[in-house]
Amino acid sequence: MEGGRFLPAIFVGVTVSIGISVVISALIATLLTLTSLTENSVSWVMIAFAFIALFIGGFIAGGRAGMRGWLAGALTALLFSGIVLAISYLGYNEVVSVKQLLLFAGYVGISSLGGMIGVNLSHANN
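Residues numbered from 1 in each chain as written. Predicted model: local features only at pLDDT ≥ 70, side-chain atom pairs only at ≥ 80, totals over all residues. Heavy atoms only, no water.

> Kindly report on helix H3 (residues 69-92), identifying the contributing residues and their values.
Here H3 contains 24 residues, and its C-alpha end-to-end distance of 33 Å stays within 8% of the 34 Å for a straight helix at 1.5 Å per residue. For H3, the full list of buried residues reads Gly69, Leu71, Ala72, Gly73, Ala74, Thr76, Ala77, Phe80, Ser81 and Ser88. Looking one or two residues past H3, asparagine 93 carries a phi angle of roughly 55°, positive in sign. (Helix = DSSP H or I, 4+ residues; strand = E, 2+ residues; numbered from the N terminus. Expected span 1.5 Å × (residues − 1). Buried < 20%, exposed > 50% of the residue type's maximum accessible area, 1.4 Å probe, protein only.)

See the structure below:
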């Protein structure tokens, strides 16, 4: 495995996923502030956007890695999940719940799928 392209691809995928998540979170926070929506009413929307962000991050990671897209996507999701876990535990003193573990497993699956598609599309363009 060529580490010269693989590890930077994972970091780019994580950065893109975090960037998309931050922008969407800011938009949803603005909506929550300016409208009568509640956090409970947008929770599924936030989860859906997290999956989309991780699919895109895995897609980019797989495409940039050029090989083993499933692994690039999975590592992208694991690093993203580790960051989220660290923020929730250290910043908000929340323990890991079963729901979070299921979400993290879903993140790994969707990001791996994105990585597989990304690596195959990157080879089709070459």
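More follows now that the structure is in view.
> Let's hear about the environment of serine 122: which residues, and what values?
With respect to the secondary-structure elements, serine 122 resides in helix H4 (residues 98-125). C-alpha of serine 122 to C-alpha of valine 22: the two residues are 100 residues apart in sequence and 27 Å apart in space. Ignoring any residue separated from it by four or fewer positions in sequence, one finds serine 122 in contact with Gly63 and Gly66. (Contact = heavy atoms within 4.5 Å.)

> Please set out the side chain of serine 112 residue by residue, giving values where relevant.
With respect to the element layout, serine 112 can be found in helix H4. We classify serine 112 as buried; its relative accessible area is 11%. Of note is the side chain of serine 112, whose polar atom sits 3.3 Å from the backbone oxygen of tryptophan 70. Sequence-distant contacts of serine 112, defined by excluding residues within four places in its chain, comprise Gly69, Trp70, Gly73 and Ala74. (Polar contact = N/O pair within 3.5 Å; in protein donor to acceptor, adjacent residues only side chain to side chain.)

> I'd like a rundown of the environment of alanine 65, residues and numbers included.
When you line up the elements, alanine 65 lands in helix H2 (residues 43-65). Sequence separation of alanine 65 and isoleucine 10 is 55 residues, and the distance between their C-alpha atoms is 7.8 Å. In this structure, alanine 65 is in contact with Arg5, Phe6, Ala9 and Ala72, ignoring residues within four places of it in sequence.

> Describe H2, and please don't skip the residues or the numbers.
Taking 1.5 Å of rise per residue, 23 residues should cover 33 Å, and H2 covers 33 Å from first to last C-alpha, within 8% of that figure. Of all the residues in H2, the buried ones are Ile47, Ala50, Ala53, Leu54, Gly57, Gly58, Ala61, Gly62 and Ala65.

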